[in-house]
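Results of the structural survey
Residues per chain are reported as follows:
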Amino acid sequence: VGLVLSQTSFYYESGGQVFDTGVVQVTTPGGGKFEVTNVQTYAGYVVHVGNVAGAGSVKVGDTVTLAVDYDRRSFVAPNHTM
């Protein structure tokens, strides 16, 4: 499953650098949690790839909160050009 959001704090795979992982939490009532396992760019869109965990759903128009796995990013970041 892939999600395209209007804004993101997730880094997508580019230039040999690996992507972020984390969670997209739906804050709209009845919403679920989307576990992001990959982030890519296609046709100018950032696509968050993953799956819905547990009960709930993710749909167009939902309000979400993004949570990048910053522990993982801290190990990846030194490989990025500053």
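Residues numbered from 1 in each chain as written. Predicted model: local features only at pLDDT ≥ 70, side-chain atom pairs only at ≥ 80, totals over all residues. Heavy atoms only, no water.

A few words on the environment of Gly2. Note on placement: Gly2 falls in strand β1 (residues 2-4). Take Gly2: its relative accessible area is 45%, and that puts it in the partly exposed class. Between the C-alpha atom of Gly2 and that of Asp71, which follows or precedes it by 69 residues, the distance is 23 Å. Contacts of Gly2, omitting those with residues within four sequence positions, involve Val47, His48 and Val49. (Helix = DSSP H or I, 4+ residues; strand = E, 2+ residues; numbered from the N terminus. Buried < 20%, exposed > 50% of the residue type's maximum accessible area, 1.4 Å probe, protein only. Contact = heavy atoms within 4.5 Å.)

With that settled, the discussion passes to the pattern of salt bridges. Scanning all chains against the criterion turns up 2 salt bridges. Residues Lys59 and Asp62 are paired through a salt bridge, measuring 3.4 Å at the closest nitrogen-oxygen approach. (Salt bridge = Lys/Arg side-chain N within 4 Å of Asp/Glu carboxyl O.)

Turning our attention to the side chain of Gln40. Following the sequence through the fold, Gln40 ends up in strand β3 (residues 33-42). Taking relative accessible area as the criterion, Gln40 reaches 14% and is therefore assigned buried. Polar contacts involving the side chain of Gln40 include one to the side chain of Asn38, which spans 2.8 Å. Leave out the neighbours within four places in its chain, and Gln40 touches Tyr12, Glu13, Phe19, Tyr45, Val46 and Val47. (Polar contact = N/O pair within 3.5 Å; in protein donor to acceptor, adjacent residues only side chain to side chain.)

Let us look at the pairing of strand β2 (residues 22-26). Look at any regular strand and the pattern is simple: side chains alternate between the two faces of the sheet. Burial of the side chains of β2 is restricted to one face: Gly22, Val24 and Val26 are buried, whereas none of Val23 and Gln25 on the reverse face is. Pairing analysis gives 4 bridges linking β2 to β3, with the strands arranged antiparallel. Residue pairing for β3: Gln25 is matched across the bridge by Lys33. Here β2 folds back onto β3, and the loop between the two strands holds 6 residues, one of which, Gly30, carries a positive phi near 85°. When β2 meets strand β5 (residues 64-68), the two strands line up antiparallel, connected through 5 bridges. Opposite Gly22, over in β5, you have Val68 as the bridge partner. (Pairing = 2+ DSSP bridges.)

Interpretation in functional terms is not warranted from these geometric data alone.
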